[in-house]
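What the coordinates show
Okay, here's what each chain looks like letter by letter:
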Amino acid sequence: MKRPFALLLSALALAAPAAAQSPQAAKAPAKATPVVPYSAYLFAYFTGNDNKKQEEAIRFALSPDGYHYSALNGDRPIISSATISETGGVRDPHILRGADGKTFYMVATDMVSAKGWSSNRGMVLLKSTDLVNWTHSAINFQKRYAKQDDLKRVWAPQTIYDAKAGKYLVYFSLQYGSEPDKIYYAYANKDFTDLEGEPKQLFFSPTNGSCIDGDIVAKDGKYYLFFKTEGNGNGIKVAVSDKLTGGYVLRDQYVQQTTSPVEGAGTFKLNNSPDYILMYDMYMSGKYQFTRTRDLEHFTVVDQDISMNFHPRHGTVLPLTAAEASRLAQRWLTPSDVLLTAQNPALRPLNTVVDSAAGKVAFLARPDTKVQALDLQLKNPLLPVSPSGPQNFAKGPVTYTVGQGATKRAYQVSVTETQNPALPGYFADPDILYSQKNKRFYLYPTSDGFTSWSGTYFKAFSSPDLVHWQDEGVILDLPKDVSWSKKSAWAPTIIEQKMPTGYKYAYYFCAGAKIGVALADSPTGPFKDSGQPLLDKLPEGVKGGQQIDPAAFRDPKTGKLYLYWGNGYMAGAELKDDLTSLKPGTTQIMTPDGTFREGAYAFYRNGKYYFMWSEDDTRSPNYQVRYGTSDTPLGKITVPANNLVLAKDPAAGIYGTGHNSVIQVPGRDEWYIVYHRFTYPQGIKMGGDAGFHREVCIDKLEFNADGSIRPVKPTHAGIQPVKMQ
């Protein structure tokens, strides 16, 4: 559960200054290990593989509780990689508090990934007494040591204090020739500018597989080495020893709590708690996962409580004192970023607009938010904020003052209740259903926010009124539920069919650029996959494109069921009564015109079959929806001259509006369009990444007297709750 910042302020933890001390040191008298109160956390990280954008550089973020993080320096580097490294880039920063409690040590991989994954030969060592100013030195292993000609790479160094030796031990992975990566160690010199002696192997894997990204935790007289395995199963494992420099025994189980590829395990102890956080980089998904543990053996995912205004790669977290956190905040924390730590669950954290130059912050709030007395919950100890407690935003913006001294700044803060986005978080490609069985609306989107559309599961949401949506959880998980593809869970659609034995639900989905089908007796599952793709080949006569974006349709005139699909082309076919196959000979190529890209959708109104589709690329701000009509479900589509249904609205900051579905309120000529857009307001600044940071919206769909569709104006306000008769 989330911890109020106020509790963190009133209950500071007493902890040893270096979580990486030896077990022997942990048992030493208090005078040997000064006790320091910790009340915050520092996250050191880098952001990606593009060194031209300075992604391979050290960045800092602060947190008052280990769960909610704010980037420092506007998520820009706090140290120039060019000044501290040989290659011009650094990755995988590890930060450690020294045994004296007041000196800090940081190590990082000296590497630019664009030069190749086997191109680096060293690391960077840094030292500081205030966390702001750092001395540095670079170590090139081929220059430092003899007989290193076949060294290919030096990766992910970390540091731990060896109280028995009275030195700082630096451990890292090395790869020589065709050998696997192995974890080695060497001691740093007194000034932390060089290594002493030859590197020695720290861990000997019984599988002789590659071992990288080591992270050592000292607890209860033992050392726990977390590391990533490669080649013979990929993931994070743990080896345990009662000695720092050897004797590690491997545990069998992987400890990551996800099926996504992971690396960069990092552990830290929570202040005022016996528990630890194990976090790791889900590098293919563009996400971090946080887990909580007490025994370093059983781990519970706490992602639902984590928030960050940045996207970290392979980093580490260090507990801080209040004075240290305040020093960092005053040096690098933008006052407006303090406002962005607002924790009131009524606010939409992804949809806040900041205009620092004008001193304005605009929050969007969820439906039914009482803005007349809303507490932003800005109990952040990093910089002072006033006023506190509930404020009346119904009368207009409220003035908040953030910071002190030279950093003090006033902001006009507004809160506006909106219905869009309809779902919290990143979702796309929404399909909507009104269930005759349950008398509720259901939304079936793509789970978004994963790098290069790499999500692997589908969720469902239900609502009584198209405004208040309930998360029904994961209804289909490719790694667990689908045998023929484990990746790229995209663009689902669903059919509710009344059978003699009751209602049946056919859920059509994309996996690995193929279309499958799963069946259930409930609109929320559990769904059982048919065991094979329904569509995995291009239709006859089609030269290119993908088998994606299915759209199911029931013809109200005949009761027949149809499926439409295609990227680069549009195809349609009649479904068999079993719902899991197409009727032979019914497939038609229906591409309406050159504007068709993907996302076909069909509905029927007043004797006409309407077909909608998306034009352009989902990564483009100009992604938009057009339509045509036909006299039959598989007939030629007539395209009106003015057929644009939905497009961007730059004045409102809305872009990338497309891949829609449509819902009619049962019994009424009342229609709504459900679509995705770039996440607001950050999407337009993301470049191509906006194409997998999308959010679902709902707006009114209206028709002219002649049946033509009126252009839809995309809104933040959304729609009012639909009252069913």
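Anyway, here's the lowdown on the structure attached to this text. (Residues numbered from 1 in each chain as written. Predicted model: local features only at pLDDT ≥ 70, side-chain atom pairs only at ≥ 80, totals over all residues. Heavy atoms only, no water.)

**Points about unusual backbone geometry**
Backbone torsion omega between S386 and P387 reads 0°, so that peptide bond is classified as cis. When you line up the elements, P387 lands in the loop between strand 26 (385-386) and strand 27 (398-402). In this structure, P526 follows G525 across a cis peptide bond, with omega equal to 10°. Residue placement: P526 occurs in the loop between strand 35 (514-520) and strand 36 (528-529). Phi at D220 is positive, roughly 50°, even though this residue is not glycine. Residue position: D220 is located in the loop between strand 14 (210-219) and strand 15 (222-230). On the basis of relative accessibility, which here comes to 66%, the residue D220 falls in the exposed class. Its identity is not glycine, yet L579 carries a phi of approximately 70°, on the positive side. Residue position: L579 is located in the loop between strand 39 (571-574) and strand 40 (588-589). Judged by relative accessible area, which is 0%, L579 ranks as buried. (Helix = DSSP H or I, 4+ residues; strand = E, 2+ residues; numbered from the N terminus. Buried < 20%, exposed > 50% of the residue type's maximum accessible area, 1.4 Å probe, protein only.)

**Some points on empty space enclosed by the protein**
One pass over the structure, following the stated rule, counts four cavities of 30 Å³ or more. Here the second largest cavity defines a volume of roughly 60 Å³. Taken together, D429, P430, D431, P492, T493, P550, A551, A600, Y601, H659, N660 and S661 make up the lining of the second largest cavity. Residue assignment for the lining of the second largest cavity shows that the elements contributing at least two residues are strand 29 (427-435), strand 33 (490-499), strand 41 (598-605) and strand 45 (658-664). (1 Å grid on protein atoms, 1.4 Å probe; cavity = no way out; pocket = protein on both sides within 12 Å on 5 of 7 lines; lining within 4 Å. Points joined across faces, edges and corners; volume = space filled by probe spheres on them.)

**Observations concerning the sheet that holds strand 27**
With respect to topology, five strands assemble into an open sheet ordered 24-25-28-27-26, the strand pairing being mixed. For this open sheet the edge positions go to strand 24 (353-355) and strand 26, each flanked by a neighbour on one side alone. In terms of strand pairing, strand 24 meets strand 25 (residues 360-365) through three bridges, oriented antiparallel. The partner of V354 across the bridge, within strand 25, is V361. (Pairing = 2+ DSSP bridges.)

**Quick notes on the layout of surface pockets**
Put simply, the second largest pocket is a space of about 650 Å³. For the lining of the second largest pocket, the residue count by class is 16 nonpolar, three polar and three charged. (Nonpolar A, V, L, I, M, F, W, Y, C, P; charged D, E, K, R; others polar.)

**Brief notes about helix 5 (residues 322-332)**
Buried within helix 5 are the following residues: E324, A325, S326, L328, A329 and W332. On the buried face of helix 5, the contacting elements are strand 3 (40-46), strand 4 (59-63), strand 6 (90-97), strand 7 (104-110) and strand 23 (313-320). (Contact = heavy atoms within 4.5 Å.)

**Regarding the nonpolar core**
Counting 48 residues, the largest nonpolar core has F60, W134, L328 and L376 as its most contacted members. For this core, the leading source of residues is helix 5, giving four residues. (Core = buried A, V, L, I, M, F, W, Y, C linked by side-chain atoms within 4.5 Å.)

**Re the sheet that holds strand 17 (residues 249-250)**
In sheet architecture, strand pairing relies on hydrogen bonds along the backbone and comes in two forms, parallel and antiparallel. The antiparallel open sheet is built from four strands, whose spatial order is 14-15-16-17. If you trace the sheet from one side to the other, it starts and ends with strand 14 and strand 17, each paired once. Taken together, the seven bridges between strand 15 and strand 16 (residues 235-241) define a ladder with antiparallel strand orientation. Bridging across to strand 16, K228 finds its partner in I236.

**Some points on the environment of I719**
Within the secondary structure, I719 is located in the segment after strand 47 (694-701). When near neighbours in sequence (up to four residues on either side) are disregarded, I719 contacts Q419, L466, V467, Y672, I698, D699 and K700.

**Structural notes on the packing of aromatic side chains**
Any two aromatic rings considered together are summarised by their centre-to-centre distance and by the angle between their planes. Under the definition given, this model contains 44 aromatic pairs. When the ring centre of Y187 is taken as origin, the NZ or CZ atom of K167, which lies over that ring, is 5.7 Å away. (Phe/Tyr/Trp six-rings, centres within 6.5 Å; stacked < 30°, edge-to-face > 60°. Lys NZ or Arg CZ within 6 Å of the ring centre and 35° of its normal.)

**Focus on the pairing of strand 9 (residues 135-140)**
Two strands pair when backbone bridges link them, and strand 8 (residues 122-128) and strand 9 are joined in this way by six bridges, in the antiparallel orientation. In the strand pairing of strand 9, G122 is matched with N140. As consecutive antiparallel partners, strand 8 and strand 9 are separated by six residues, and within that stretch L131 has a phi angle of approximately 70°, a positive value.

**Notes on the pairing of strand 12 (residues 182-188)**
Counted residue by residue, strand 12 has seven buried out of seven residues, so it is predominantly covered. Across six bridges, strand 11 (residues 167-176) lies against strand 12 in antiparallel orientation. Bridge assignment links V170 to a residue of strand 12, and that residue is A186. Note that strand 12 and strand 13 (residues 195-201) share four bridges and pair antiparallel. Considered in strand 13, the bridge of Y184 is made with Q201.

**Section: the side chain of E598**
Considering the arrangement of structural elements, one finds E598 in strand 41. One buried charge, E598, has no salt-bridge partner; the nearest side chain with opposite charge is R597, at 4.5 Å. If near-sequence neighbours (up to four positions away) are discounted, E598 is found in contact with D549, G566, N567, W613, S614, T618 and Y623. (Lys, Arg positive; Asp, Glu negative; His and termini not counted. Salt bridge = Lys/Arg side-chain N within 4 Å of Asp/Glu carboxyl O.)

**So, the pattern of salt bridges**
Summed over all chains, the structure comprises 29 salt bridges. Among the ionic pairs, D275 bridges to R292, the shortest N-O distance being 2.8 Å. Of this pair, D275 sits in the loop between strand 18 (263-269) and strand 19 (276-282) while R292 sits in strand 20 (residues 287-293); the two residues are 17 residues apart in sequence, bridging distant segments of the chain. You can call D275 buried: its relative accessible area is 8%. For D429, the salt bridge identified is with R694, shortest N-O distance 3.9 Å. Note that D429 is positioned in strand 29 and R694 in strand 47, a separation of 265 residues in sequence. On the basis of relative accessible area, D429 is assigned to the buried category, the value being 7%. A residue is classified by how much of its surface remains accessible, and R694, at 3% relative accessible area, is buried. In the salt-bridge network here, residues are joined through shared partners; they are K228, E230, E263, D281 and R313.

**Quick look at the environment of G691**
Take G691: it is sitting in the loop between strand 46 (671-678) and strand 47. The contact partners of G691, leaving out residues within four places of it in the chain, are D448, W453, T618 and R619.

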